[in-house]
Amino acid sequence: MYYTRLNDEVPIGEVFDYEADFTNWQSTNMKRLGRVLGMKLKLVGVEERLGSGPKRVDIMADEYDLDIPVVVENQFGKSDDRHLGQLLSYAALTNAGVAIWISEEFSWDHLQAIQWINENSFESFQLFGVKVFFRQSSLPEYKSRFEVEDHPFHRSSKRKFVSWDNDCLDSGMYRNFWQSLIQDQRISNFTASKRTFNRRYHFFPSGFGGIRYVVRFKPITETVSASLAIARPERNEVFDQLEYDQEDIEHTFGDGLNWENLEYRNSRRICVEVAGSIVDSTDKTKLWMIDNLVRLKEVFDPYLDELAR
């Protein structure tokens, strides 16, 4: 018979009967996982069905500040080809910006595969290998910790944006930019609030519950955007109705718009983008955001007044 002493590592199979149980546990520890990876992870769903087929991703999440979808694949024991293949398939089906593979142990060939993918993929995609450990404790619960086995941000020169963008967050550049933006008289009718936060986006209430006007920096793609964001599932019907009038709306707006059906978040977004970053932000960037916020509001408010009341 095998006995464990306090602080001895124990296999995941002794802590959880099934991988599904492990996945449920992991879904309650997304903030801890995010801290290890240097991200702000927000749970979207567990065992999320992808499309109409049988595929289900273990965990769907958001990196909220970077505004990218995240997929998580969990497994007992040592890494295997099946779980790697599933994870990459799920990432493709959800257009994920980050894929996280959590296992007890990674083989050398799978670490090489992760490294190769990170070095040869677009800058907008990163794959992480994360080991999880459980130790015997005097408490009823086991102690646990995460260890990043392969961290693309620390290794690849293509992922430099994370270091400079974190420096921008630390120095308060985002807060200063938003403070300057909301003082402009052209958007004085958007909101009475003068409070800003040191994050990559700023939103303005539309006056219709669950619908916002949002401006955002996207460091991964080095773009800035202005959008109408529908953040509540019960408001998704508004997006569907607006899509019927897409041609008229874009004609009135004077430009093409991106119509994004974000199924993994159960939300919708209509946006316009242009190249830009916080480190290169100038009065031109600020004026572009203000101009497009005003244009979006002028176009969509009449529709919202009819559809969202």
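Above this text is the structure in question.
For clarity, every value in this text was computed on a predicted model and none was experimentally measured. Within every chain, residues take consecutive numbers counted from 1 along the sequence as written. With the structure being a predicted model, the display of local features is reserved for residues of pLDDT at least 70 and the display and counting of side-chain atom pairs for 80 or more, all residues being used for whole-chain, interface and lining totals. Note that water and hydrogens are dropped before the side-chain values are worked out from all heavy atoms of the structure.

## Digging into the nonpolar core
Note the cut-off: Nonpolar cores were defined as sets of buried Ala, Val, Leu, Ile, Met, Phe, Trp, Tyr and Cys residues, with membership established by side-chain atoms within 4.5 Å. Burial classification: accessible surface area is computed with a 1.4 Å probe over protein chains only, and a residue below 20% of its type maximum counts as buried, one above 50% as exposed, and the rest as partly exposed. Numbering of helices and strands starts at the N terminus; helices are DSSP runs of H or I of at least 4 residues and strands are runs of E of at least 2. What makes two residues a contact is simply this: any of their non-hydrogen atoms within 4.5 Å.
Residues Leu181, Phe204, Tyr213, Leu257, Met289 and Phe300 are the most contacted members of the largest nonpolar core, which totals 37 residues. Within the residue set of this core, elements represented by two or more residues are α8 (173-182), β9 (211-218), β10 (223-230), α9 (236-244), α10 (246-253), β12 (267-275) and α11 (283-307). With nine residues, α11 is the single largest residue contributor to this core. In contact with Met289, other than residues within four places in its own chain, are Phe177, Trp178, Leu181, Val215, Arg216, Phe217 and Val224. Leu33, Leu37, Ile68 and Ile102 belong to the second largest nonpolar core, which has 24 residues in total.

## Considering the packing of α9 against α11
To be explicit about the condition: Axis angles are defined between N-to-C directions and span 0 to 180 degrees, where every axis is a line fitted to C-alpha atoms and, for a helix, only to the segment in contact. Just so you know how the angles are binned, under 35 degrees is roughly parallel, over 145 roughly antiparallel, 65 to 115 roughly perpendicular, and the rest oblique. For a crossing to be left-handed, the near helix must be turned anticlockwise from the far one by less than a right angle; the clockwise case is right-handed.
Look at α9 against α11: their axes get within 11 Å of each other, and the N-to-C directions meet at 125°. Between α9 and α11, the crossing angle belongs to the class labelled oblique. For the pair α9 and α11, the sense of crossing is right-handed. Taking contact as the criterion, the partners of Val238, Gln241 and Leu242 in α9 are, on α11, Phe300, Tyr303, Leu304 and Leu307.

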